[in-house]
Amino acid sequence: DFSFRDEYLLETNDFRPFLVKVRRNAPDAIVVNLFQSQIGNFARQASEMGIQTPRLGLEIHGEESEWAVAKGAMKGEAYVGIGFSDAAVESEYRQM
């Protein structure tokens, strides 16, 4: 069951209105299906708002650029992919 769903344009980088809904509805997990360049911002904003809800995503969550933007907020995320695109991210992910 999905509690709620929002869609965003590629240029969207402020996810706080959605994250307010997350905090209010307290879902078991968040499935993040955003474009590259949005994922890190989403994770960082969730962390800044104190949202600890587990996030699940796709293989582009393994991009080092997303982890840099997230500033540590993507540690512990689970994502599905066919492999790691960056050796540094793979190493950090496997240590969790």
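Up top you'll find the structure we're talking about.
Procedures and definitions
Residues numbered from 1 in each chain as written. Predicted model: local features only at pLDDT ≥ 70, side-chain atom pairs only at ≥ 80, totals over all residues. Heavy atoms only, no water. Core = buried A, V, L, I, M, F, W, Y, C linked by side-chain atoms within 4.5 Å. Buried < 20%, exposed > 50% of the residue type's maximum accessible area, 1.4 Å probe, protein only. Helix = DSSP H or I, 4+ residues; strand = E, 2+ residues; numbered from the N terminus. Contact = heavy atoms within 4.5 Å. Polar contact = N/O pair within 3.5 Å; in protein donor to acceptor, adjacent residues only side chain to side chain. Salt bridge = Lys/Arg side-chain N within 4 Å of Asp/Glu carboxyl O.

Q: When you look at the nonpolar core in this model, what are you seeing that I'm missing?
A: Leu-19 and Phe-42 are the most contacted members of the largest nonpolar core, which totals 17 residues. The set of elements that each furnish at least two residues to this core consists of α1 (16–25), α2 (39–48) and α3 (64–70). Top element by residues in this core is α2. It accounts for four residues. When neighbours within four sequence positions are excluded, Leu-19 is seen to be in contact with Phe-42, Gln-45, Ala-46, Met-49 and Ile-51.

Q: Looking at this structure, how should I read the side chain of Gln-45?
A: Within the secondary structure layout, Gln-45 lies in helix α2. A residue is classified by how much of its surface remains accessible, and Gln-45, at 4% relative accessible area, is buried. A polar side-chain atom of Gln-45 sits 2.7 Å from the main-chain carbonyl oxygen of Asn-13. Residue contacts for Gln-45: discarding those within four places in its chain leaves Asn-13, Asp-14, Phe-15, Arg-16 and Leu-19.

Q: Help me understand the pattern of salt bridges in this model?
A: If the charged atoms of two oppositely charged side chains come close together, the side chains can form a pair. Within the structure shown, the criterion is met by four salt bridges. Here Glu-7 ties to Arg-5 by a salt bridge, and the two come within 2.6 Å at their closest N and O atoms. Arg-5 shares its class with Glu-7; the two are exposed. Taking the shortest distance from any N to any O, the salt bridge between Arg-44 and Glu-48 comes out at 3.4 Å. In this pair, Arg-44 and Glu-48 both sit in helix α2, four residues apart, roughly one turn of the helix.

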